[in-house]
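A structural walkthrough
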Amino acid sequence: RWLTCKSLPPGALERIADTIADRLRVPWFSGAVKINVSLVPPLVLLPVFLHVAALHFLLGLIILTSLPVVVLWYYYLTHRRKERTLFFLSLGLFSLGYMYYVFLREVVPRGHVEHSQVVTLTCGLILMLAALSRAKKDPGYLPIPAGKEKPSHQGLHDKSIRGSSSGLHDISGAASSRAVNGEAKGYCRMSAEQPAGVKKDWCTKCQLVRPARAGHCRLCGRCVRRLDHHCVWINSCVGEQNHQAFILALSFFMLTSVYGITLTLHTICRGRSLFVALFYCPGAYSDYSSALSFTCVWYCAIVTAGMGYILLIQLLNISYNVTEREARLALRDNTGRRLLGGLVIDTGQYNRGLLCNWGHFLSLGASPPQRSAEDIV
């Protein structure tokens, strides 16, 4: 019906796509293994596009211009549907592996790259992958209450639930016994590291009380301590436990990528500075090997520019002790100040100066001080 341009029942194409995705499996000894469809496009299309782009300068210009547009379109598509996907993680990891393969196969044999430089590049890649592996671990998920029971007062609004003991499970009786004017004293008690006026709140989806700066990720379906954002490139949230590893992975990526680009350009465009060789390299398309290397350099430069912008925003946010989530909420509620041309949103809530802000960031993930049962309530 689709090929003959006839009308289809609602949701027919989605059901067909889901069926194909479920049947796409690889035979294995213990049974067929299901393949995530989002892993396949980067593995197949990226080498094809880069090899086609190396055939001619105009083809390279068209493909390298359209690739970021397609990636951004797919990002907004999945973001609007609130879907988790391995496409971006697969694209990032396979891009690293393929760029490293092209470097060893096309650039190193020319004899202008020393062994120590190859070792340095390889060590940078290994360190970046190690930091990425750490960033993929628990970002600081809040424990889900046993049974995820609904609060007893179903008709109350979220604001009426905040400050009330009706949503607490095991300790609701003890909290309500100390209630004054309908509010539990222990509920609104501020911890030592929380500034005055900052209250904990209630998550209706996870059915738990969130500490200050925690947030609910709609993609992961969990609450995360000091939630910064959900990063599609690692397919995980960035929170209190993995924010340092995330920054470290971005930093190692930037250093390794710039170093690899420099080595490649100095090999195929000898005698020219880095910036000039990136835009003017007359012998780049003299042979297919040089053309492929030059195309990969431009692909790396585009990705590095995007990741560099993300790293810059992260470093500025750390300097002002604000998370991406808090900046977004401040813009929505018009409670923040735009600084540095709008690159950073200062909420003023947690900003204690540059040194204190970085000291707070470097201490993330440390064991919190022990609290009494009354403070927890």
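These lines cover the structure that appears in this document, whether it is placed above or below. (Residues numbered from 1 in each chain as written. Predicted model: local features only at pLDDT ≥ 70, side-chain atom pairs only at ≥ 80, totals over all residues. Heavy atoms only, no water.)

Moving on: a positive patch on the surface. On the surface, a cluster of positive charge is made up of K82, K205, R218 and R328. Turning to its location among the elements, K205 is positioned in the loop between β5 (201–203) and β6 (208–210). Judged by its relative accessible area of 56%, K205 falls in the exposed class. (Patch = residues over 30% accessible without salt bridge, like charges linked within 9 Å, V, L, I, M, F, W, Y side chains within 5 Å. Areas by Shrake-Rupley, 256 points an atom, 1.4 Å probe, with all protein chains shown as cover. Salt bridge = Lys/Arg side-chain N within 4 Å of Asp/Glu carboxyl O. Lys, Arg positive; Asp, Glu negative; His and termini not counted. Charge placed at Lys NZ, Arg CZ, Asp CG, Glu CD. Helix = DSSP H or I, 4+ residues; strand = E, 2+ residues; numbered from the N terminus. Buried < 20%, exposed > 50% of the residue type's maximum accessible area, 1.4 Å probe, protein only.)

Turning to its location among the elements, C300 is positioned in helix α10 (residues 288–319). Exposure remark for C300: the relative accessible area of 17% places this residue in the buried category. Taking the C-alpha atoms as reference, C300 lies 8.0 Å from M99; in sequence the two are 201 residues apart. When residues no more than four places from it in sequence are discounted, the contact partners of C300 are M99, S257 and I261. (Contact = heavy atoms within 4.5 Å.)

So, on to the state of the cysteines. With the rule as written, the count across this model stands at one disulfide. Between the sulfur atoms of C269 and its disulfide mate C281 the distance is 1.6 Å. Disulfide C269-C281: the torsion about the S-S bond is -105°, which places it as left-handed. Of this pair, C269 sits in the loop between α8 (243–268) and α9 (274–279) while C281 sits in the loop between α9 and α10, and the two are 12 residues apart along the sequence. Across the pair, exposure class does not vary: C269 and C281 are buried alike. With no disulfide of its own, C203 has C223 as its nearest cysteine by sulfur position, at a separation of 3.4 Å. On the accessibility criterion, C203 (4% relative accessible area) is buried. Residue classification places C223 among the buried positions, given a relative accessible area of 0%. (Disulfide = S-S within 2.5 Å.)

Right, let's talk about the environment of R226 for a bit. As for its placement among the helices and strands, R226 is situated in the loop between β8 (222–224) and β9 (229–231). The spatial distance from the C-alpha of R226 to the C-alpha of G239 is 5.3 Å, given a sequence separation of 13 residues. If sequence neighbours within four positions are ignored, R226 has contacts with R213, A214, V238, G239, E240, H243, N321, T323, H360 and L364. Polar side-chain contacts of R226 include one of 3.1 Å to the side chain of H243. (Polar contact = N/O pair within 3.5 Å; in protein donor to acceptor, adjacent residues only side chain to side chain.)

So, on to the pattern of salt bridges. Applying the stated rule across the entire model yields six salt bridges. Between R210 and D201 there is a salt bridge; the shortest N-O distance is 2.8 Å. With respect to class, R210 is no different from D201; both count as buried. Across the salt bridge formed by R213 and E326, the nearest N and O atoms sit 2.7 Å from each other. Of this pair, R213 sits in the loop between β6 and β7 (215–217) while E326 sits in helix α11 (residues 324–333), and the two are 113 residues apart along the sequence. For R213, a relative accessible area of 11% translates into the label buried. Relative accessible area serves as the criterion here: at 11%, E326 is assigned to the buried category.

Turning our eyes to something else, we now look at the packing of helix α3 (residues 57–81) against helix α4 (residues 87–107). Two elements in contact, α3 and α4, have axes separated by 11 Å at closest approach and are oriented at 150°. One element, α3, and the other, α4, form an angle in the roughly antiparallel class. Contacts between α3 and α4 involve V71, Y74, Y75 and T78 from the first element and F87, F88 and L91 from the second. Across the contact of α3 with α4, the residue classes tally to six nonpolar, one polar and no charged. (Axes fitted to C-alpha atoms, helices over the stretch in contact; angles between N-to-C directions. Parallel < 35°, antiparallel > 145°, perpendicular 65-115°, else oblique. Nonpolar A, V, L, I, M, F, W, Y, C, P; charged D, E, K, R; others polar.)

Here the phi dihedral of C5 falls at roughly 60°; this positive angle occurs in a residue that is not glycine. Position of C5 among the secondary structure elements: in the segment before α1 (12–23). Accessibility expressed as a relative area gives 72% for C5, which makes it exposed. The backbone phi angle of N235 is positive, close to 55°, even though this residue is not glycine. Inspection of the secondary structure puts N235 in the loop between β9 and β10 (236–238). The class for N235 is buried, based on a relative accessible area of 10%.

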